[in-house]
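# Coordinates in review
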Amino acid sequence: MEELKDKSLHLTAEKLAEELQKMDNYTTFYEDLQVLAASYDVSIDDFKNTLVQAVNKGSMETNLRNAVFHWLRSHENNKQMVVREEITSRESLDYLRKAQITWERRIQKSLESMCEEIGIHLSYYRSKADRDEMLQKWNELSTYNTNLERLRPVYAPKDFLEVLFSLHNPNYRMISDDMIWDFTYLPLKVKTLSELRHLYRDLATADLLLGLTTLTKMSCGSTLQGEQERIALGEKVLEYQHAPVCQEFLKLCAPRSLRGRLWTQILGSNVKSSEQHYTELKERVLNYDMLIDKLITKDVQLTACNDDQYFVFEDVLHQIMLCFTRDTDVLSVFNSSTSHPILTSLKGKPSKEAIYPPNGIIPFHGFTMYAAPICYLFNDPVSLYSTFRAFYLRYWFRLHNISSHPQSILGLCILFQRLLQRHETNIWSHFMSHNIHPIRVVFKWLMKGFSGYLLPEQLLNLWDMIIAYDSLEVLPLLAVAILSFRKDNLLQVNTLQNVDSVLVDLSSLNVMSLLQLALKGPNQI
């Protein structure tokens, strides 16, 4: 037994060492290790022991622990550390896999038909004059001259929802069309409310949450003292630079002044090479013009620019979203996703088949809102970009793929419907009697992570919970809590349009209060 244990540890260590070499910060870590090995702290007579001691003294041990932490988070089953990528990385349900492939073909066809209709190529090399103009206007890209009149989004959340509604399990015999109301024909396991209460138990039992202080008068001495104590504690946590400790601290929300630093530590986006990488992406934007660029620009104009909370970030959003389309490192998301990047023929001499766009992600209407709230956390576009990309690679990619993963958009929809049906039966029955599908009410919230619907501070509190508990399941929990909070008004209307009118303004809601109400007692939602 001891031999098997030692062998398992050895295999795990080998796999871990191999995986660490693929991480963004490996080069920096290796260079620091070389410098340390050449220092006076390491003796050539006892190289192994003195090197280990030197590593333990400085920050390298913490950096290594953080690297292991991020590696563990990137695998679905942390207990089985001998990775089974071939088994876990792809969709096991054949009909969902086929539906995803069909959906990707529709997107590709839409892109290609748009090119033919407008008369442009998917990608082409910029002229020198165009390149010089874009470089000159890089910090004010909102003034860059682009004709977008004939462009339309490739798809919107409502289009993707129709695809989910059309899913059919061949092993399930539909008795009537009414069965689609709770997705019972899709055998996906989701958490119960009791399991959610256990997962978010720290949130449910917390006496002081920074997200609740907006409900109290800031002149209150205890409130100010509590916030100051959290800031002081947060500074100590950040000084330690250990990602798991930062994650635990975040479970009671982050002070505004520390949120950006906490997120970068937990998400692992504080990599020294980020600035060089961002410069390379900028150069790719300057060299190549793509149809996707125009779609991104159109999306920024239709979403962030029309939002009172985000219009001031228009120029920086153009920058980071255009850089994102060129980032081939984003292709790593397809290792743990059911989707595939689009392969298309790019015209040129010679013509070739390539992934389009380079990052493999086709933006939908509202995609920019994944990045807009993060603009409040950073003045530096490099840090902003790195954190946005890390957040997307960890969470957001699941919200526009067809998958049986519990935290995919499909899993979140099912979780929302089961919670609503079992714990808010009056709302459920009222919607059913008037042919109002509950998912149509909240789908746009779920797919955009509530971005654009909540006030920025409330939204950032919500995203704190996503990172702190490493779970998107807080989204459907909040959706149910909002419907419960507006129950009296919802029961007075009988059309989807009027339901939307009741829920159109969420600016008065306090996210942490609603989540606590949903989690504390059996009769709260």
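Just above, that's the structure.
The paragraphs below set out a description of the structure included in this document. (Residues numbered from 1 in each chain as written. Predicted model: local features only at pLDDT ≥ 70, side-chain atom pairs only at ≥ 80, totals over all residues. Heavy atoms only, no water.)

Another aspect to go through is the pattern of salt bridges. Tallying each qualifying case throughout the model produces 24 salt bridges. Between Asp 289 and Arg 126 there is a salt bridge; the shortest N-O distance is 3.8 Å. Here Asp 289 is found in strand β2 (residues 288–290), whereas its partner Arg 126 is found in the loop between β1 (123–125) and α7 (128–136), with 163 residues between them in sequence. For Asp 289, a relative accessible area of 7% puts it in the buried group. A salt bridge links Arg 389 to Asp 329; the nearest nitrogen and oxygen atoms lie 3.7 Å apart. Taken together, the residues Arg 389 in helix α17 (residues 381–394) and Asp 329 in the loop between α16 (314–326) and β3 (342–346) connect sequence positions 60 residues apart. Relative accessible area serves as the criterion here: at 12%, Arg 389 is assigned to the buried category. Among the charged side chains, a salt-bridge network with shared partners connects Arg 126, Asp 130, Asp 289, Asp 293, Lys 294 and Arg 326. (Salt bridge = Lys/Arg side-chain N within 4 Å of Asp/Glu carboxyl O. Helix = DSSP H or I, 4+ residues; strand = E, 2+ residues; numbered from the N terminus. Buried < 20%, exposed > 50% of the residue type's maximum accessible area, 1.4 Å probe, protein only.)

What follows concerns the environment of Ser 513. In this structure, Ser 513 sits in helix α25 (residues 511–520). Along the chain, Ser 513 and Ala 204 lie 309 residues apart, while their C-alpha atoms are 9.7 Å from each other. A polar side-chain atom of Ser 513 sits 2.9 Å from a polar atom in the side chain of Asn 510. (Polar contact = N/O pair within 3.5 Å; in protein donor to acceptor, adjacent residues only side chain to side chain.)

In this section: the side chain of Asp 327. Along the chain, Asp 327 turns up in the loop between α16 and β3. Here Asp 327 falls in the buried class, since its relative accessible area comes to 0%. A polar contact of 3.1 Å, which involves the side chain of Asp 327, links it to the side chain of His 277. For Asp 327, the side chain forms a polar contact with the main-chain nitrogen of Asp 329, separated by 3.1 Å. For Asp 327, the residues in contact, after removing those within four places along its chain, are His 277, Leu 281, Arg 284, Pro 358, Asn 359, Tyr 385 and Arg 389. (Contact = heavy atoms within 4.5 Å.)

Scope: geometric values only; no functional claims are made or implied.
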